[in-house]
Amino acid sequence: MEVTLLGTGDTTGTPTPNCDCDTCTEARERGVERSRFSVHVRNERTGECLLVDASPDFRQQFLDADVALPDAILISHIHFDHLDGLGNVYRLIDDVPVYAADETDPVTDESVAGTVARKYDYLDAIDVQPCSPYESFEACGFEVTLVPVEHPPLVCYGLAIEDPDTGAKLSLSGDTNYGIDERARDILRNPDLLLADGIVPADYCEYHPYGGDHADGDGVYRTFGTKHMTIEGARRLAADLDAETHRLVHLSHYIPAEDAFDEDMAVDGETFTL
């Protein structure tokens, strides 16, 4: 299993346009990007490639990483920074299955699969494949399992991708707070690599209208507001799940520059062989 991190940033990315904060300045000086989230997973046995989330930065990500176009795509939820790159299949890909959850979202009254089908009904290349959480399905020679996570108000899913021949396992937390239930954690547990959503340090919770949540015994918040984990929360999740290796993703430019490029904080273009 060959994993390429195409996009490792939050909704504005790093560097953020027209921003001269210390973190964006440092990113420019280092020549690194954290574009909107997307992960490319290649099955070296079959030569097939699975794309997890279709970033609005799809075109540039594939040019920069020089990886093969996907044979299948999975969409974790309907926020634009994970979905709106699907339009890039036009004239690039003739036919591609797009996997997405079939559960009806009480907020939208539509499943993720239904939203994808409705928004991209004009693209003949997209073949939406609804799938149920906790029920594994085959994609690109991998066993893939979606699990519900906590990203209110919309439904969102983490996932595990396993190679049934080699036993290699990649887990993604999805966009989530720290309150992932035990059933979902059991599916995500013991990965060779965990990609965990961590958006800002815990002390930034004082600036969020909802503060923080899921404090540890020392009062350190593991959730920023309601939707995302803090850096501390993401690292705690990696420990909880016994991840052999982890990287923090969905990182914002609000992380102080002196901390923003720590070893476990992902940047675009990182690759892993599992």
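Residues numbered from 1 in each chain as written. Predicted model: local features only at pLDDT ≥ 70, side-chain atom pairs only at ≥ 80, totals over all residues. Heavy atoms only, no water.

## So, empty space enclosed by the protein
A water-sized probe rolled over the atoms picks out the places where empty space is left.
Right, on to step 1. Applying the stated criterion across every chain yields a total of 1 cavity of 30 Å³ or more.
Right, on to step 2. Within this model, the largest cavity holds a volume of roughly 90 Å³.
Right, on to step 3. Together, 15 residues line the largest cavity, and Phe37, Asp53, His82, Gly174 and Asp175 are the ones closest to its centre.
Right, on to step 4. Elements supplying a minimum of two residues to the lining of the largest cavity: strand E9 (157–162) and strand E11 (193–197). (1 Å grid on protein atoms, 1.4 Å probe; cavity = no way out; pocket = protein on both sides within 12 Å on 5 of 7 lines; lining within 4 Å. Points joined across faces, edges and corners; volume = space filled by probe spheres on them. Helix = DSSP H or I, 4+ residues; strand = E, 2+ residues; numbered from the N terminus.)

## Describing the nonpolar core
Right, on to step 1. Among the nonpolar cores identified, the biggest contains 53 residues, and Leu86 and Ile161 are the most heavily contacted of them.
Right, on to step 2. With 5 residues, the top contributor of residues to this core is strand E5 (residues 96–101).
Right, on to step 3. Those residues in contact with leucine 86 that sit more than four places away from it in its chain are Ala54, Ile73, Ile75, Val98, Val116, Tyr120, Leu123 and Ile126.
Right, on to step 4. Residues Ala184, Met229, Ile231 and Leu251 belong to the second largest nonpolar core, which totals 23 residues. (Core = buried A, V, L, I, M, F, W, Y, C linked by side-chain atoms within 4.5 Å. Buried < 20%, exposed > 50% of the residue type's maximum accessible area, 1.4 Å probe, protein only. Contact = heavy atoms within 4.5 Å.)

## Thoughts on the sheet that holds strand E15 (residues 245–249)
Right, on to step 1. Reading across from one edge, E7-E8-E9-E10-E11-E15 is the order of the 6 strands in this open sheet, with mixed pairing throughout. The two strands at the open ends of the sheet, each matched to only one other strand, are strand E7 (137–139) and E15. Averaged over all pairs of adjacent strands, the angle between strand axes in this sheet comes to 20°, irrespective of strand direction.
Right, on to step 2. In the sheet, E7 pairs with strand E8 (residues 142–148) via 3 bridges, with the strands oriented antiparallel. (Pairing = 2+ DSSP bridges. Axes fitted to C-alpha atoms, helices over the stretch in contact; angles between N-to-C directions.)

## What about the environment of histidine 214?
Right, on to step 1. With respect to the helices, strands and loops of the structure, histidine 214 is situated in strand E12 (residues 212–215).
Right, on to step 2. You can call histidine 214 partly exposed: its relative accessible area is 25%.
Right, on to step 3. When the C-alpha positions of histidine 214 and proline 191 are compared, they lie 23 Å apart, and in sequence the two are 23 residues distant.
Right, on to step 4. A distance of 2.7 Å separates polar atoms of two side chains, one belonging to histidine 214 and the other to threonine 223. (Polar contact = N/O pair within 3.5 Å; in protein donor to acceptor, adjacent residues only side chain to side chain.)

## Here we look at helix H4 (residues 112–119)
Owing to its 3.6 residues per turn, the α-helix aligns residues three or four sequence positions apart on the same side.
Right, on to step 1. Residues of H4 that are buried include every one of Val112, Ala113, Thr115 and Val116, and no others. Projected down its long axis, H4 shows its buried positions confined to an angular sector of 165°, all on one face.
Right, on to step 2. Summarising the contacts, the buried residues of H4 are in contact with helix H3 (80–83), E5, strand E6 (126–131) and E9. (Arc of directions from axis to C-beta.)

## As for the pattern of salt bridges
Right, on to step 1. What the rule picks out here adds up to 14 salt bridges.
Right, on to step 2. Residues glutamate 26 and arginine 30 are paired through a salt bridge, measuring 2.9 Å at the closest nitrogen-oxygen approach. Here glutamate 26 and its partner arginine 30 are both found in helix H1 (residues 22–30), 4 residues apart, which amounts to about one turn of the helix.
Right, on to step 3. Judged by relative accessible area, arginine 30 falls into the partly exposed class, the value being 48%.
Right, on to step 4. Two residues, glutamate 270 and arginine 247, come together in a salt bridge whose shortest N-O distance is 3.1 Å. Of this pair, glutamate 270 sits in the loop between E15 and strand E16 (271–273) while arginine 247 sits in strand E15, and the two are 23 residues apart along the sequence. (Salt bridge = Lys/Arg side-chain N within 4 Å of Asp/Glu carboxyl O.)

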